[in-house]
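What the coordinates show
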Amino acid sequence: MASLSGLYSSSPSLKPAKTLSVKALPAALTRDSFSFPHTPKPSHLPLTLSASRAVSRDISHTTDAKKELLKDPNALWQRYLDWLYQQKDLGLYLDVSRVGFTDEFVAEMEQRFQAAFKAMEDLEKGSIANPDEGRMVGHYWLRDSKLAPKPTLKTLIEKTLDSICSFADDIISGKIKPPSSPEGRFTQILSVGIGGSALGPQFVAEALAPDNPPLKIRFIDNTDPAGIDHQIAQLGPELASTLVIVISKSGGTPETRNGLLEVQKAFRDAGLNFAKQGVAITQENSLLDNTARIEGWLARFPMYDWVGGRTSVMSAVGLLPAALQGIDIREMLSGAAIMDEATRTTSLKNNPAALLAMCWYWATDGIGSKDMVILPYKDSLLLFSRYLQQLVMESLGKEFDLDGNTVNQGLTVYGNKGSTDQHAYIQQLREGVHNFFATFIEVLRDRPPGHDWELEPGVTCGDYLFGMLQGTRSALYANGRESISVTIEEVTPRTVGALIALYERAVGLYAFIVNINAYHQPGVEAGKKAAAEVLALQKRVLSVLNEASCKDPVEPLTLDEVADRCHAPEEIEMIYKIIAHMSANDRVLIAEGSCGSPRSVKVYLGECNVDDLYA
Ligand SMILES: O=P(O)(O)OC[C@H]1O[C@](O)(CO)[C@@H](O)[C@@H]1O
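Residues numbered from 1 in each chain as written. Predicted model: local features only at pLDDT ≥ 70, side-chain atom pairs only at ≥ 80, totals over all residues. Heavy atoms only, no water.

Section: the state of the cysteines
- By the definition in use, this model includes 1 disulfide.
- Each disulfide pairs two cysteine sulfurs, and for Cys-550 the partner residue is Cys-608, the sulfurs being separated by 1.9 Å. Sign of the S-S torsion, about 95° for the bond between Cys-550 and Cys-608, identifies this disulfide as right-handed. One end of the pair, Cys-550, is in the loop between α16 (522-549) and β14 (557-558); the other, Cys-608, is in the loop between β16 (602-604) and α19 (610-613), with 58 residues separating them in the sequence. (Disulfide = S-S within 2.5 Å. Helix = DSSP H or I, 4+ residues; strand = E, 2+ residues; numbered from the N terminus.)

Remarks on the sheet that holds strand β10 (residues 436-443)
- Pairing is mixed across the open sheet formed by 6 strands, whose spatial order is β1-β2-β13-β10-β8-β9. Where the open sheet ends on each side, the last strands, each with one partner, are β1 (85-87) and β9 (413-414).
- As judged from the 6 bridges shared by β10 and strand β13 (residues 483-488), these two strands associate in the parallel manner. By the bridge assignment for β13, Phe-440 is matched with Ser-485. (Pairing = 2+ DSSP bridges.)

Side note on helix α11 (residues 352-364)
- The end-to-end C-alpha separation of α11 is 18 Å, in line with the 18 Å expected for 13 residues at 1.5 Å each.
- Counting buried positions over the 13 residues of α11 gives 13, a clear majority of the element.
- The N-capping residue of α11, defined by a side-chain oxygen 3.0 Å from the backbone nitrogen of Ala-353, is Asn-351. (Expected span 1.5 Å × (residues − 1). Buried < 20%, exposed > 50% of the residue type's maximum accessible area, 1.4 Å probe, protein only. Polar contact = N/O pair within 3.5 Å; in protein donor to acceptor, adjacent residues only side chain to side chain.)

A look at the domain arrangement of the chain
- The assigned domain composition of the chain is domain 1 (73-133 + 334-448 + 455-520), domain 2 (140-327) and domain 3 (523-612).
- One C-alpha centre belongs to domain 1, the other to domain 2, and the line joining them spans 30 Å.
- Taken together, the contact pairs 34 residues of domain 1 with 21 residues of domain 2.
- Between domain 1 and domain 2, the buried area comes to about 2,300 Å², and carbon and sulfur atoms account for 64% of it.
- Here domain 1 and domain 2 share 4 salt bridges between them.
- The partner of Arg-143 in a salt bridge is Glu-504, and the shortest N-O contact between them spans 2.6 Å. (Domains from an automatic or database assignment. Contact = heavy atoms within 4.5 Å. Buried area = accessible area lost by both parts, 1.4 Å probe. Salt bridge = Lys/Arg side-chain N within 4 Å of Asp/Glu carboxyl O.)

Describing the site of the ligand
- Residues in close proximity to the ligand total 14 residues, the closest being Ser-197, Ser-248, Ser-250, Thr-253 and Glu-394.
- The backbone of Gly-196 places a nitrogen or oxygen atom 2.7 Å from an oxygen atom of the ligand.
- One of the side-chain nitrogen or oxygen atoms of Ser-197 is found 2.7 Å away from an oxygen atom of the ligand.
- Across the complex, the protein chains shield 87% of the 390 Å² of accessible surface that the ligand would expose by itself.
- Its residues assigned to classes, the shell around the ligand shows 2 nonpolar, 9 polar and 3 charged. (Near = heavy atom within 4 Å. Areas by Shrake-Rupley, 256 points an atom, 1.4 Å probe, with all protein chains shown as cover. Nonpolar A, V, L, I, M, F, W, Y, C, P; charged D, E, K, R; others polar.)

Concerning unusual backbone geometry
- The omega torsion across Gly-418 and Ser-419 is 0°, close enough to zero to call that bond cis.
- Along the chain, the position of Ser-419 falls in the loop between β9 and α13 (426-431).
- Residue Pro-553 is bonded to the preceding Asp-552 through a cis peptide linkage, with omega at 0°.
- Tracing the backbone shows Pro-553 in the loop between α16 and β14.
- You will see that Asp-365, though not glycine, has its phi angle at about 60°, which is positive.
- You can see Asp-365 is positioned in the loop between α11 and β8 (371-376).
- Although it is not a glycine, Asn-408 sits at a positive phi angle of roughly 45°.
- The topology assignment puts Asn-408 in the loop between α12 (384-396) and β9.
- Classification of Asn-408 as partly exposed rests on a relative accessible area of 46%.

Considerations on the side chain of Gln-188
- Along the chain, Gln-188 turns up in strand β3 (residues 188-192).
- Among the residues examined, Gln-188 registers a relative accessible area of 8% and is labelled buried.
- Here the side chain of Gln-188 touches Glu-238 through a polar contact of 3.3 Å, side chain to side chain.
- In this structure Gln-188 touches Leu-215, Lys-216, Arg-218, Leu-235, Glu-238, Ser-241, Thr-242 and Leu-243, once residues within four positions along its chain are discounted.

Quick word on the confidence of the model for the chain
- For the chain, the average pLDDT comes to 89, and 88% of its residues sit at 70 or higher.
- Low pLDDT, under 50, characterises residues 1-54; the stretch is placed with 130 contacts to residues that sit more than four places away or in other chains.
- Low pLDDT (under 50) marks residues 56-63, which in the prediction has 25 contacts with non-local residues, meaning those over four places away or in another chain.
- In the predicted complex, the global pTM is 0.89; the interface-specific ipTM is 0.98. (pLDDT = per-residue confidence, 0-100.)

Some details on the pattern of salt bridges
- Inspection of the entire model under this criterion finds 28 salt bridges.
- With a closest N to O distance of 2.9 Å, Glu-121 and Lys-125 form a salt bridge.
- Of the charged contacts, one joins Asp-452 and Arg-447 as a salt bridge, the two residues approaching to 3.1 Å between their closest N and O atoms.
- Its relative accessible area of 39% is what places Asp-452 among the partly exposed residues.

A short note on the pairing of strand β5 (residues 242-247)
- Where burial is concerned, most of β5 is hidden: 6 out of the 6 residues are buried.
- Alternating residues of β5 divide into Thr-242, Val-244 and Val-246 and Leu-243, Ile-245 and Ile-247, and every residue in both groups is buried.
- For β3 and β5, the ladder comprises 5 bridges, and the chain directions are parallel. In the strand pairing of β5, Leu-190 is matched with Val-244.
- Pairing between β5 and strand β6 (residues 278-283): 4 bridges, direction parallel. Bridge assignment links Val-244 to a residue of β6, and that residue is Gly-278.

Below you can see the structure in the form of structure tokens.
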């Protein structure tokens, strides 16, 4: 290990003089004048694994000599060499040298990591690692079925993989045909799903689909009618040769249900038989599963209780769409399995996932005080940050820790790609508010061999991309901004599988370190519940308006009158919004005033529905 303790923290502008032992700090040192205006509260501190020990950060070495060390290229090179991780089989490297953790910090984290490794081992053996939902967490078994804790699960994983491969082969070869397509084989996939049931397939498609895949893929991942119309319009007559894959672990997610209903309507309007082109990926006996079974859809593939949505890309959720695009899914699984093996080691320094988790902890004080900016310098990896956003933020963004303490944990993720983002927000990253650390994803291979050329003497287009990455890394570092670099040789099914597995494990380890459940998402329910209440109120509003509109003469109502008749005077603002939305969509008529001045509005329905009145 480098004898560079305090290297990064040596400059006051780079690392604030602070320790996680907040209470012990003089007031002036609890604040990083350049970065986060946020003093960690004692309640934020991870309390278990090492409850009595706050991890200290080396804050005392702010001497000029230390500042010089930071700038000394030889010292930096040595630190780079000392910490460089390489996974030879995958051609994957991890460089954490531009994160300023100290030897003392690493030593103090050791005990926590050993506890996290043990917890991860138990998880992989089938412990109830998602205690709130009483579930096992088994996405690691998907790429190495012999790890599954029960023989029945092992068989299920293997059988599902085989059936995915043979179904994809039959679709691609035309053995299974669309019933009424002049082309005689399926040409398009329309994937309907949201969250973990969309982000993995989207990332994999963008990263790995060949230029001319056997089936092209489109996504409906929202309940935006215009967005849905756009996807269907883009398919045009090819709807007849579109395989619709509806993906929902729970089988009851409203956005996905709506997408399905919209697509089914499009099929009806086109005189097509949806069932013969529909595939469901969901848990057995879910609403979606029952619908698909009763309606006799073309195929159904299972999702499992023990695989979370955000870690489902290596189940049928990600594998079926990938296989249909001609992506080698067994290679993806193999890359993930190699990374899984590499991240099982209990040697912190040799475990890339643990190194990532350690850097996240260092960079964000273990409380998410800084954001993680993901910058892949490769267009095909554009969606990696979006994929990681859910993986990291839905896993780590938690109000309570496992002991019930309020912790409001999290780690914000954003980013698109380099060098594009250099012309968007890198200005702020280098010079503005210091509230982030960066992760560069570097891909060594610019283009397939034999295709490169020099656009100026000695320099290719890819050299520019390389230069932009390295230049930005250096420029950020020179201004005290920490960064991690992950390097792969090429974007292949193997390396994509490995990247996914790397971050899954890092999130899992980090969650253990900060003592939270990474595998539930209770916060998402609040928004869903509130949305359902809005729609229930809308139904009451419609019923009140219908009654008034069936009178002769029609009785236009003010917002106050609507709210009173709905017995919801406290909901008047929401009622106003409901009416404004319906009016914009020609579903209610404004008799007087305009939506811009709510008090003046009088509203009625264009048509009285007598059936509704007596319903
Ligand atoms: O696959 P499902 O059950 O439709 O859920 C979709 C997404 O909704 C969530 O439950 C909440 O956003 C995610 O965790 C999940 O990936």
